[in-house]
Amino acid sequence: MKALQLLLIAVVAAFAFSACGEKKSTNDIIAKKPVPKAPSGPVKMQDSKYMENVKWDGKDCSVSIMRHADTSLPVITDDTGAKYYDNVIDVAIITGGGQPIFKKTFNKQDFASQVTEKYLERSALLGIVFDHIEGNHIVFAASVGHPDVLSDDQVPMLITVSQSGQMSLSKDTRFDSAVQG
């Protein structure tokens with residue numbers, strides 16, 4: 001009988017020790033917090049090239065617009081610390097005979113008269129596009145603003161070029177949205 005009691009105690013002890021070795025289940029999930037990967041350097045906007053043939057006052061003309069990041073300009077740092085290269089944009093209006101009417105490389109400083117200095121510091125020249133012909137003038141739409149593609153923070157402007165090659169700048173108020181600057 002003593003042997004049976006010892007055997008029973010040994011079995012109970014074995015079960016007790018094995019129960020201690022089991023892991024208790026829990027609903028806690030432990031995961032590493034993702035660490036955002038910092039960009040390896042300033043971000044560049046995509047280069048673009050646009051060409052169109054237009055009739056201007058009865059004459060054939062070619063309009064050419066090319067944008068590219070200029071790494072020689074100061075790097076722009078936004079409010080989140082992201083860094084961007086600024087852009088330059090070459091605009092040319094050439095007659096059908098190959099004579100240039102207008103040729104200029106724009107950077108954001110060309111638009112300093114239309115926005116505040118503080119806004120200009122944290123902005124880039126985003127783009128220039130052919131808009132329309134109005135009498136003796138070709139009108140381009142331009143914008144200076146935040147270079148992040150998800151941002152809609154920009155100041156729309158108009159570049160008006162006469163047939164003599166004279167240029168003027170103004171804010172584009174046609175949409176009259178909340179224009180900043």
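Below is a short write-up of the structure. Nothing here was measured: the structure is a model prediction, and the numbers come from that model.

Procedures and definitions
Residues numbered from 1 in each chain as written. Predicted model: local features only at pLDDT ≥ 70, side-chain atom pairs only at ≥ 80, totals over all residues. Heavy atoms only, no water. Helix = DSSP H or I, 4+ residues; strand = E, 2+ residues; numbered from the N terminus. Buried < 20%, exposed > 50% of the residue type's maximum accessible area, 1.4 Å probe, protein only. Areas by Shrake-Rupley, 256 points an atom, 1.4 Å probe, with all protein chains shown as cover. Pairing = 2+ DSSP bridges. Axes fitted to C-alpha atoms, helices over the stretch in contact; angles between N-to-C directions. Phe/Tyr/Trp six-rings, centres within 6.5 Å; stacked < 30°, edge-to-face > 60°. Lys NZ or Arg CZ within 6 Å of the ring centre and 35° of its normal. Core = buried A, V, L, I, M, F, W, Y, C linked by side-chain atoms within 4.5 Å. Contact = heavy atoms within 4.5 Å. Salt bridge = Lys/Arg side-chain N within 4 Å of Asp/Glu carboxyl O.

On to the overall build of the chain. Assigned secondary structure in the chain consists of two helices and ten strands. Written out in order from the N terminus, the α and β elements of the chain read α-β-β-β-β-β-β-α-β-β-β-β. A burial count over the chain gives 31% of its 181 residues as buried. By element, 56% of the accessible surface of the chain is carried by carbon and sulfur atoms, the whole surface being about 12400 Å².

Moving on: the sheet that holds strand β1 (residues 48–56). What the four strands build is an open sheet, ordered β1-β2-β5-β6; its pairing is antiparallel. Of all strands in the sheet, those bounded by a partner on one side alone are β1 and β6 (100–106). Neighbouring strand axes in the sheet, compared pairwise and without regard to direction, differ in orientation by 10° on average. As defined by bridge partners, strand β5 (residues 86–95) adjoins β6 across six bridges and the pair is classed as antiparallel. Note on β6: the bridge partner recorded for A92 is K103.

Summed over the entire model, instances satisfying the criterion amount to three aromatic pairs. Ring geometry for F102 against F106: centres 6.3 Å apart, planes inclined by 35°, an arrangement best described as tilted. Each member of the pair F102 and F106 is classed as buried. Between F106 and F111, the ring centres sit 5.9 Å apart and the planes meet at 25°, which makes this aromatic pair stacked. Within the aromatic cluster, the residues linked to one another by ring pairs are F102, F106 and F111. Here K104 stacks its cationic end above the ring of F106, 5.3 Å away from the centre of that ring.

This part takes up the nonpolar core. In terms of nonpolar packing, the biggest core is built from 25 residues, with F111, I128 and F140 touching the most fellow members. Beyond its immediate stretch of four places on either side in the chain, I128 contacts I65, I89, V91, F106, F111, F140, A141, A142 and I159. With five residues, the next largest nonpolar core counts M45, Y84, A124 and L126 among its residues.

Our next topic: the sheet that holds strand β10 (residues 167–171). The strands making up a sheet are joined through hydrogen bonds of the backbone, oriented either antiparallel or parallel. With antiparallel pairing, four strands are arranged side by side in an open sheet as β7-β8-β9-β10. Across the chains shown, the open sheet's two edge strands, defined by having one partner strand only, are β7 (124–134) and β10. Going across the sheet, the axis of each strand differs from the next one's by a mean of 25°, ignoring polarity. Examined bridge by bridge, strand β9 (residues 154–162) and β10 share five bridges and lie antiparallel to one another. Within β10, the position partnered with I159 by the bridge is L169.

Throughout the structure, instances matching the rule amount to four salt bridges. When the shortest N-O distance is used, the salt bridge between K55 and D60 registers 2.9 Å. For D60, a relative accessible area of 46% translates into the label partly exposed. With a shortest N-O distance of 3.6 Å, D86 and K108 are connected by a salt bridge. Of the two residues, D86 is situated in strand β5 and K108 in the loop between β6 and α2 (117–121); the sequence distance between them amounts to 22 residues. Each of the two residues, D86 as well as K108, counts as buried.

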